[in-house]
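One letter stands for each residue in the lines below.
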There are 2 protein chains.
Amino acid sequence: MATSRAKADDYTMAPSDSQQMRALLGLRELLLNGEFAPGERMAEIPLANRLKVSRTPLRVALISLEHEGLLAAHPTRGFIVRRFTLQDIFDTIEIRGLLEGMAGRLAVERSGMRGVTEEVAFQRMKEAVAELDSVVQTLDGKSQEALERYIVLNEGFHQALLDLARSESIEREMQRLAKMPFAAPSSGFVRRQAELPESLHILRIGQDQHHAIIDAMMSGEATRVENLLREHARLSRRNLQIAFDKHRGEPMPSSLRIIRESAENKGETR
Amino acid sequence: MATSRAKADDYTMAPSDSQQMRALLGLRELLLNGEFAPGERMAEIPLANRLKVSRTPLRVALISLEHEGLLAAHPTRGFIVRRFTLQDIFDTIEIRGLLEGMAGRLAVERSGMRGVTEEVAFQRMKEAVAELDSVVQTLDGKSQEALERYIVLNEGFHQALLDLARSESIEREMQRLAKMPFAAPSSGFVRRQAELPESLHILRIGQDQHHAIIDAMMSGEATRVENLLREHARLSRRNLQIAFDKHRGEPMPSSLRIIRESAENKGETR
DNA sequence: CTTGTCATTTATGTATACAATCTGCTAGAT
DNA sequence: ATCTAGCAGATTGTATACATAAATGACAAG
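Residues numbered from 1 in each chain as written. Chains lettered and ligands numbered in written order. Predicted model: local features only at pLDDT ≥ 70, side-chain atom pairs only at ≥ 80, totals over all residues.

(A) Up close: the environment of L196 of chain B. All names here are of chain B. By secondary structure assignment, the location of L196 is in the loop between α8 (189–193) and α9 (197–218). Exposure remark for L196: the 16 C-beta atoms within 10 Å place this residue in the partly exposed category. Through-space distance from the C-alpha of L196 to that of A243 is 8.6 Å; in sequence the pair is 47 residues apart. If we ignore the near neighbours within four places in the chain, the residues touching L196 are I242 and K246. (Helix = DSSP H or I, 4+ residues; strand = E, 2+ residues; numbered from the N terminus. Buried ≥ 20, exposed ≤ 12 C-beta atoms within 10 Å, placed from the backbone. Contact = placed C-beta atoms within 7 Å.)

(B) Broad picture of the sheet that holds strand β2 (residues 71–73) of chain B. Residue and element names in this part refer to chain B. Pairing is antiparallel across the open sheet formed by three strands, whose spatial order is β1-β3-β2. Both edges of this open sheet fall to β1 (41–42) and β2, since each of them pairs with a single strand only. As defined by bridge partners, β1 adjoins strand β3 (residues 79–81) across two bridges and the pair is classed as antiparallel. Looking at the pairing, R41 lines up with I80 of β3. Along the sheet face, helix α3 (residues 55–68) touches β1, β2 and β3 and points at about 100° away from the line of β2. (Pairing = 2+ DSSP bridges. Axes fitted to C-alpha atoms, helices over the stretch in contact; angles between N-to-C directions.)

(C) Broad picture of the interface of chain A and chain B. Taken together, the contact pairs 28 residues of chain A with 28 residues of chain B. At the level of secondary structure, the elements contributing two or more residues to the side of chain A that touches chain B comprise α3 (55–68), α4 (86–109) and α7 (168–177) of chain A. Sort the elements by how many residues they give to the side of chain A that touches chain B and α4 of chain A lands first, with eight residues. By residue class, the composition of the side of chain A that touches chain B is 10 nonpolar, nine polar and nine charged. (Nonpolar A, V, L, I, M, F, W, Y, C, P; charged D, E, K, R; others polar.)

(D) Structural detail: the relation of the copies chain A and chain B. Screw-axis analysis of chain A against chain B gives a translation of 0.0 Å along the axis, an RMSD of 0.0 Å, and a rotation angle of 180°. Here the symmetry operator amounts to a two-fold rotation axis. When the interface residues of chain A are mapped onto chain B, 100% of them are again interface residues, pointing to one common binding face. (Least-squares fit on C-alpha atoms with pLDDT ≥ 70 in both.)

Listed below in structure tokens is the structure:
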């Protein structure tokens, strides 16, 4: 059930090749690529033309993206692009840490007498960590292939943890947070920043934490699991901070463009 | 900004007297009153007639309510009423505790040198607690008026706490959780269950925790604040459990009807 | 030159017609 | 009697026309 990550996009009914999906996926990609400036108004007709859909399915996408947090409702009319500060994203990552921490604790607490060791999802976690050991050694900032494998395994680790918690509520909230830019366990930006030696170092520290988490779970140390996962999430913060510092100057890769350094004129739309 | 709780419903643009609002508010009320059985399909045309809106704004409401978590997208067609177990709601309340705990900790950590004492929002918290002291004494299960006042003050306390955290991310997530049945700090069910002596007792314990939270914040004990708030949220669980146990038999007030005892046939729609 | 009002224009909110798809039923065959 | 295929009905997905409210710009008054 909650095993596979697949499933087109879940909500917004309609077969995944519907106009609504085309609009949602297309617009989300545009937004995450920083194609629009924060605060910019999303005019429906031009957007519909650009995405090759009519206004109705586009509207569905706009509403969805507002709930996802990428857009904000303009007080009087339509939608505008939401403004993200680094602080917002850091807080979101920390919330993710809270949720994963709770998931880890519940995984231990709810596994009953037998302990977590018996569960198949726990086997998946262990297998992911085992393979990550070798993948992490391969990582050198050049091998794109190894990095892709790293991401797959890391996501597998985190998904298996959620499965173990058996909590629909946590599952839901995590799925939600994962749609916020840079908040997911393996945020897309890892892909591009992983050349940096500091980032590689952080991936290795993360892998050490993976081991500690497995260890604590096997011992039934629920609180330790929770704390480890909270700290584990903070690695994403560090990683993001590094990527951000790197581009203090001008270029700023497209994926980072949605972030506004500070509050600026966080107030009105203008 | 985040000071007032007002603002019609925030998203779903449109002036608050729009058809979209009528549909959203109307349908949400129907759902929370347990008018539909979990798993039931939400047919658009009958619903539109019932709510006196056309299909287009109704559709907006359906999509919104799916994101809020009250509806689920049927794989192939339309929306169905989501199934809630007591476990789901308990987990959601615990997540609320995590968020409020983080908010309290941030409030202390981010208040800088001067400490939290200087902040106006902290004054609001103290004032709310002060008045709650007298209101709580008045509560006797008969005075509806005192109960209403209790709810207002309690919500003020929790909102001021969020304001102190100065975190848009937490604010957002809390606003979201508050739309889940029984997850808000002063869940609607308090209103009807407060006759029960056990519930009254719980409200008094909660007030004691309020004092402890204020105390810890003044001392700058961030971690203690966090733990207190996590535990504070669990009172809602106890309260809900009491209300639920009370109606083991048959009647089950309308507000509790959306909860299904256990997973039953949590699988398919049928 | 500035400011306020009004008309024009443009974009969004709403309703509805049409198309595509699923559901359920009936009839026929095994 | 049961299962399958095909058809009819109903329901959702999509497009679009129309209504309505906001933004824009022109013009006049101060």
